[in-house]
Amino acid sequence: MSFTARIALLTLACAFYATASVAAAPAPIDDRLPQDEVIYFLLPDRFANGSDANDRGGIAGDRLQHGFDPDDKGFFHGGDFQGVMNRLDYIQGMGVTAIWLSPIFENKAVQTFGEYASAGYHGYWVTDFLNVDPHLGTREEFRAFVDAAHERGMKVYMDIITNHTADVIKYRECENQRWDGAGPAEGCDYRALGDYPWTTIGSPDGEAINAGFLGDEPAYLTPENFAKLDNPNWAYTPYVPDAEKKSKNPAWLNDLIYYNNRGNTRWEGENSIYGDFSGLDDLMTQHPRVVEGMIDIYKQWITDFRIDGYRVDTTRHVNVEFWQEFTPAIIAHAESLGIDHFHVFGEVFEPDPGQLARWVNEAKIPSVLDFGFQDAAAAYLVRGESARVMERFIHEDQAYAGGHDTAAFLPTFLGNHDMGRYAGFLRDKFPEADDAEMLARVRLAHALMMFSRGVPTIYYGDEQGFVSDAGDQDARETLFPSHIDIYNDNDLIGTDATTAGENFDVEHPLYKAFAEMAAARHANPALRRGIQVTRHSDLEGELYVFSRLHEDSGEEIVVAINNDTAPRRFNARVDGRSTEWTTVLGTCADRSAATGSYPIEVGALDFVVCRSVRR
C-alpha cells in the first residue's frame, strides 16, 4: 500500500470521530486553571460579518477615510462582534473554552505613508483606549458577546497594548519619511540616550532643557523626578498635525511629554524599549503618569465587561519596571470583582526559553506566549531536526521560576497572525506533499500541542485547512467569503473549498480532529495538569514519546508522536505501577509487557495516546 493510501486510511479510521470515552465537558469557569483551557485566537474583522451596517465604522468618505475595502488584504473586511457571537456554536464545538480576540479598541482607521496605505483592521493602532472600534460594533454588542460566551462557560481574553498608540506624532527633522509596507524605510533613525540625553535639544551640544531631571534609572521612577521633565525635544522636535491634536483618549495621551520621541526601533538593545515600533508612537512607560494611566484604562475594561484575561502585545518593548506595577494591580482589581481566575500572558517574540523566562521571573508577568514551543515544534516537525529537540526544550522549563508549574501556564501555538500559519511552513518545506500527507502532518502537530504541557492555542482558520503564503497580512484570511486573490488561490487542506466561499464546516477533518483532541484533554486531568516526562526521543530519528503524570488522579498518559513516514514499534519506559492500559486515541496495548515497560505501535505521521491508572 502506498504512503498516501496508508495516510488516507489512517486518517479516516482513527482521526476524526470522538468517542464516548473521551467526551467530557470542561469544569465550571471558576474552577479552571489556565492550563485547563483550549484557546481559540481570532481577528474579529476576519472571522464573521454579523452586520453590514458597521462595515465602514460610521465614517463617511472613501476607503482612505473609513478603511473598509474587502478587495484589499490590508483593509477592513467586515467582521464584527455580532459575527463572532453568531458562531459560538462553531467555536465551542471544537472543544474551545477561551476566546482570545485581537485588539478591539478604536483605531486610527487608515494610516498613509506616501503611496502606501493600510487600515487598522487588526486593532494595534489605537487612538481611543476606552472605546471599541466602531467597525466591530458597539460597547453594548461587545458586552452581549462576552455575556453569551460566559453563559456557555467560555472565557474571553482581550488583546491589549501599552507600548504604543497609533502613529500621530511626527518629527520636524524627518518629515519626508517613506513607507515600504513593513515600517518606515528611511528617516527617523533611532537617537540613543547617550547621544541625546533628556537634558539637550537635538545634539549633545544643544541648549539645556529639563533641568534637574535625573533620567529613568529604576531609583528615579518617581513623580517628583518626572515632574522636572517638561520639554519633549530631547532627540527630535515632535509635533502633532492640527487635525489630530485631540485624537487620542484618554486626553493625557495627547501630551507629547508621555512619549519617548527617539525615532524607530531596530528591535534590539536600548532602542527596543525606547524606539517607535514601525513608526507607531512609543509611550514613555517609565513615566509614573503613563503607568497610572494604563492601569486605570485596563481596570476599567474589567469593571465594565468582566472579561477573563489579557494577552499583552509587545511585552518585550516595555521596561520591566512597568510590568512589575501594572500586572499585580490588574490582577488585584480583577480579584476585587470576584474574578479569581483572571489570567495575563505577554507576547515576547523570542524562541529562547531563557529570554522568555525573564519576563516571568523579573517582570512578574504570570505567563508568556510560548514562542519556545513554537520554535521547537517547527524544528522537529517541519525543519527536520531529530525528536531530541523536544526533550531538550522541555528540560528548559526549569528556566522559569516555579519550573513545571509555571510552564504549564504558557499558551502554546504553532503559527499566528504575525509569523504565518503552520500549514504554510509545511507547504514551503514539503512542496510536493499531497493533501493526505499535509492533513496528517497538520493533525500530528496539533496532537503534539494539545497533549504537551501548556495551554493549546488554535489559530482561527487552521481547523478549516487554511494555508497562508506568508506572515502578517498574508495569514489573515476571512472565514466568510473572501475577495482576495492571494487567499483564494491557496489549496486548502482536507477540502475542495476555497477562501472564496464560507468556511465554517464542522465536518472538515481538521475541525473534527481538533474537537476529538480537545475532548480527550478535557476528559483526562493528566493531559491538562500532569507533569511532562520524556520517555524517549530519537537521537537521529523522529519518534518522540512522553508521559503526563498526574499524582492526584493517579493517571499516567503516554503520548507517542511519530514524524516518520514509516510506522514505528517501541517499548516505552513507564512508571512501574502503570500496568493496565486503555486507549484514549489511536490503538493501545491493554497491558504492560513487563514492569516499567509498555509496548507502543504508532503509524506513519501518526500518534497514539494511552492511559493507565496506577494502582
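Conventions and cut-offs
Residues numbered from 1 in each chain as written. Predicted model: local features only at pLDDT ≥ 70, side-chain atom pairs only at ≥ 80, totals over all residues. Heavy atoms only, no water. Helix = DSSP H or I, 4+ residues; strand = E, 2+ residues; numbered from the N terminus. Rg over C-alpha atoms; globule rule 2.2 N^0.38 Å. Contact = heavy atoms within 4.5 Å. Areas by Shrake-Rupley, 256 points an atom, 1.4 Å probe, with all protein chains shown as cover. Pairing = 2+ DSSP bridges. Axes fitted to C-alpha atoms, helices over the stretch in contact; angles between N-to-C directions. Disulfide = S-S within 2.5 Å. Patch = residues over 30% accessible without salt bridge, like charges linked within 9 Å, V, L, I, M, F, W, Y side chains within 5 Å. Salt bridge = Lys/Arg side-chain N within 4 Å of Asp/Glu carboxyl O. Lys, Arg positive; Asp, Glu negative; His and termini not counted. Charge placed at Lys NZ, Arg CZ, Asp CG, Glu CD. Buried < 20%, exposed > 50% of the residue type's maximum accessible area, 1.4 Å probe, protein only. Parallel < 35°, antiparallel > 145°, perpendicular 65-115°, else oblique. Left-handed = near helix turned anticlockwise from the far one by under 90°. Nonpolar A, V, L, I, M, F, W, Y, C, P; charged D, E, K, R; others polar. Polar contact = N/O pair within 3.5 Å; in protein donor to acceptor, adjacent residues only side chain to side chain. Core = buried A, V, L, I, M, F, W, Y, C linked by side-chain atoms within 4.5 Å. Phe/Tyr/Trp six-rings, centres within 6.5 Å; stacked < 30°, edge-to-face > 60°. Lys NZ or Arg CZ within 6 Å of the ring centre and 35° of its normal.

A. Molecular detail of the overall build of the protein. The helix and strand inventory of the protein stands at 18 helices and 23 strands. The C-alpha radius of gyration of the protein comes to 25 Å, within 12% of the 25 Å expected for a compact globule of 615 residues. The C-alpha extent of the protein, read off along each of the three principal axes, is 80 × 50 × 45 Å. Contacts in the protein between residues far apart in sequence, at least 24 positions, make up 71% of those at least 6 positions apart. When the accessible surface of the protein is totalled, it reaches about 22200 Å², and 49% of it is carbon and sulfur.

B. Geometry of the sheet that holds strand S2 (residues 98-101). An order of S14-S13-S12-S7-S2-S1-S16-S15 is seen for the eight strands of this open sheet, with the pairing classed as parallel. Among the strands making up the open sheet, the edge pair consists of strand S14 (367-368) and strand S15 (411-412). Bridge analysis of strand S12 (residues 309-312) against strand S13 (residues 343-346) gives four bridges, and the strand direction is parallel. Within the sheet, the bridge partner assigned to Arg311 lies in S13 and is Phe345. Those strands touched by helix H5 (residues 139-151) are S2 and strand S7 (155-160), and its axis lies near 140° from that of S7.

C. Region of the structure containing the state of the cysteines. Under the definition given, this model contains two disulfides. With its bonded cysteines labelled in order along the sequence, the protein shows the pairing 1-2, 3-4.

D. Highlighting a negative patch on the surface. Taken together, the side chains of Asp71, Asp428, Asp469, Asp485 and Asp489 present a region of like negative charge at the surface. Within the fold, Asp71 resides in the loop between helix H2 (63-66) and helix H3 (81-86). Under the relative-accessibility criterion, Asp71 is labelled exposed at 54%.

E. Region of interest: the packing of helix H8 (residues 288-305) against helix H9 (residues 320-336). Relative to each other, H8 and H9 sit at 25°, their axes nearing to 10 Å. Between H8 and H9, the interaxial angle falls into the category roughly parallel. Here H8 runs over H9; the crossing is right-handed. The residues of H9 that touch H8, namely those facing Val290, Val291, Met294, Ile295, Tyr298, Lys299, Ile302 and Thr303, are Phe322, Glu325, Phe326, Ala329, Ile330, His333 and Ala334. Its residues assigned to classes, the contact of H8 with H9 comprises 11 nonpolar, two polar and two charged.

F. Inspection of the environment of Asn562 at higher detail. Relative to the helices and strands, Asn562 resides in strand S19 (residues 555-562). Contact partners of Asn562, with chain neighbours within four places excluded, come to Leu444, Glu542, Leu543, Pro567, Arg568, Val602, Gly603, Ala604, Leu605 and Asp606. Polar side-chain contacts of Asn562 include one of 2.9 Å to the backbone oxygen of Gly603.

G. Expanded view of the sheet that holds strand S21 (residues 581-585). Spatially, the five strands line up as an open sheet ordered S17-S18-S19-S23-S21, and their pairing is antiparallel. Strand pairing shows two members of the sheet lacking a second neighbour, strand S17 (531-537) and S21, which therefore form its edges. Sheet twist, expressed as the average angle between the axes of neighbouring strands with direction ignored, equals 25°. By the bridge criterion, four bridges tie S21 to strand S23 (residues 606-613) in an arrangement that is antiparallel. By the bridge assignment for S23, Thr583 is matched with Cys610.

H. Geometry of the environment of Glu477. Residue position: Glu477 is located in the loop between strand S16 (455-459) and helix H16 (485-488). Considering only alpha carbons, one finds Glu477 and Phe466, 11 residues apart in sequence, at a separation of 8.2 Å. If near-sequence neighbours (up to four positions away) are discounted, Glu477 is found in contact with Arg46, Arg421, Tyr460, Phe466, Val467, Ser468, Tyr487, Asn490 and Thr499. Here the side chain of Glu477 touches Arg421 through a polar contact of 2.9 Å, side chain to side chain.

I. Main features of helix H11 (residues 371-381). A large share of H11 lies buried, amounting to 10 of its 11 residues. For H11, the complete set of buried residues consists of Phe371, Gly372, Phe373, Gln374, Ala376, Ala377, Ala378, Ala379, Tyr380 and Leu381. Measuring from the backbone nitrogen of Gly372 back to the side-chain oxygen at the start of H11 gives 3.2 Å, which picks out Asp370 as the cap.

J. Summary view of the pattern of salt bridges. On inspection of all chains with the given rule, the structure shows 38 salt bridges. One salt bridge connects Arg311 with Glu347, and the closest N-O pair in it is separated by 3.6 Å. With Arg311 in strand S12 and Glu347 in the loop between S13 and helix H10 (353-361), the pair connects residues that are 36 residues apart, well separated along the chain. In this structure Arg311 comes out as buried when scored by relative accessible area, which is 1%. Among the ionic pairs, Glu601 bridges to Arg569, the shortest N-O distance being 3.7 Å. Taken as a pair, Glu601 in strand S22 (residues 597-602) and Arg569 in strand S20 (residues 568-573) lie far apart in primary sequence, 32 residues in all.

K. Broad picture of the nonpolar core. Judged by nonpolar contacts, the single largest core of 171 residues is most densely connected at Phe142 and Phe451. The element that contributes the greatest number of residues to this core is helix H15 (residues 435-451), accounting for 11 residues. With near-sequence residues (within four places) excluded, Phe142 lies in contact with Phe81, Leu101, Ile104, Val132, Met158, Trp301, Phe305 and Ile307. The next biggest cluster of nonpolar side chains, apart from the first, holds 13 residues, and it includes Leu543, Val545, Ala560 and Ala572.

L. Up close: the packing of aromatic side chains. One pass over the structure, following the stated rule, counts 37 aromatic pairs. Ring geometry for Tyr40 and Phe47: centres 6.0 Å apart, planes at 75°, overall edge-to-face. Each member of the pair, Tyr40 together with Phe47, is buried. A centroid spacing of 5.2 Å and a plane angle of 85° characterise the contact between Tyr310 and Phe342, whose relative ring orientation is edge-to-face. Of the two residues, Tyr310 is situated in strand S12 and Phe342 in the loop between H9 and S13; the sequence distance between them amounts to 32 residues. Side by side, Tyr310 and Phe342 carry an identical accessibility label, which is buried. Between Arg63 and the ring centre of Phe75, over which it is positioned, the NZ or CZ distance is 4.2 Å.

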